[in-house]
Amino acid sequence: MTATDAKADLRFYLQSARDALLWKLEGLPEYDIRRPVTPTGTNLLGLVKHAAGVELGYLGDTFGRPSGEPMPWLEEGAEPNADMWATADESRTDVVEFYRRAWAHADATIEALALDTIGTVPWWPSGRDQVTLHHAVVRVIADTHRHAGHADIVRELTDGAVGMNENNHGMARGDAAWWESHRSRLERVAREAGRGA
């Protein structure tokens, strides 16, 4: 496999995660993309905002390629978790465009540098802060897919929509009655197993 092939593979999996994450916003009103669905505040638009910052950090700053994008959540004294939700002043369009600019910047880094290029992660401890571009891209892919999984669950809890993307829902075939029966069966199995433990 050539480096070009390896980069193409990495870019393919990174882009599929990006697309899945953005797809989870489609068709939802402003409230539903922002509302906290878990006790820790996980919300769809916040996941997108966070993913953009991760790309700019690992595939920009780490390799001496700062984007120039303002990220106030990284400033001294910033509120904890500020990258995990969008303020009322940050529109859906603002966050999505920020993410797309992060993609372009990250993709330019992947294109410009060899996969064995060494970078320094500014927020990691000194002495353990060096990574190859290959490592950084794999880390970003894993992180983005993880957050796309969070978005899957948040979206399902919001309006019942499921799937990896609009052309691949990745779910067993079944109508609402089948899914209710399936879920009830799993609940019974869990209770039985719980009694035996």
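Residues numbered from 1 in each chain as written. Predicted model: local features only at pLDDT ≥ 70, side-chain atom pairs only at ≥ 80, totals over all residues. Heavy atoms only, no water.

Thoughts on the confidence of the model for the chain
What counts here: Note: pLDDT gives the predictor's confidence per residue, expressed from 0 to 100. Secondary structure elements are taken from DSSP: a helix is a run of H or I of four residues or more, a strand is a run of E of two residues or more, and numbering for both begins at the N terminus.
Per-chain confidence: the chain averages 92 in pLDDT, with 93% of residues scoring 70 or above. Helix H6 (residues 176-196) is the least confidently modelled element of the chain, averaging 84 in pLDDT, while helix H4 (residues 92-112) averages 98, the highest of any element.

Let's talk about unusual backbone geometry
Definition in use: We call a residue buried when its accessible area falls under 20% of the maximum for its residue type, exposed when it is over 50%, and partly exposed in between, using a 1.4 Å probe and counting protein chains only.
Even without being a glycine, Asn 81 presents a positive backbone phi close to 70 degrees. As for its position among the elements, Asn 81 is in the loop between helix H3 (44-58) and H4. Under the relative-accessibility criterion, Asn 81 is labelled partly exposed at 47%.

Structural notes on the side chain of Thr 42
Heads up, the condition is: Two residues form a contact once any of their heavy atoms are found within 4.5 Å.
Secondary-structure assignment places Thr 42 in the loop between helix H2 (30-34) and H3. Residues within four places of Thr 42 in sequence aside, it is in contact with Arg 35, Pro 36, Val 37, Leu 47 and Val 154.

Here we look at the pattern of salt bridges
Our working rule: For salt bridges, the criterion is a side-chain nitrogen of Lys or Arg within 4 Å of an Asp or Glu carboxyl oxygen.
The full count for this structure, using the stated rule, is 11 salt bridges. Residue Asp 32 is joined to Arg 35 by a salt bridge in which the shortest nitrogen-to-oxygen separation is 3.3 Å. Classification of Asp 32 by relative accessible area gives buried; the value is 17%. In the salt-bridge network here, residues are joined through shared partners; they are Arg 11, Arg 18, Glu 55 and Asp 107.

Observations regarding the packing of aromatic side chains
The condition is simple: Between rings of Phe, Tyr and Trp, where Trp is taken as its six-membered ring, a pair exists when centres lie within 6.5 Å; planes separated by under 30 degrees are stacked, by over 60 edge-to-face, and by other angles tilted.
This structure, assessed with the given rule, holds 5 aromatic pairs. Summarising the aromatic geometry, the rings of Phe 12 and Tyr 13 are spaced 5.0 Å apart at their centres and angled 90 degrees between planes, so their arrangement reads as edge-to-face. According to the relative accessible area criterion, Tyr 13 is partly exposed, its value standing at 47%. Ring plane angle 65 degrees and centroid distance 6.1 Å describe the contact between Tyr 58 and Trp 124, whose orientation is recorded as edge-to-face. Of this pair, Tyr 58 sits in helix H3 while Trp 124 sits in the loop between strand E1 (118-120) and strand E2 (130-132), placing them 66 residues apart in sequence. Aromatic ring contacts, followed pair by pair, group Tyr 58, Trp 123 and Trp 124 into a single cluster.

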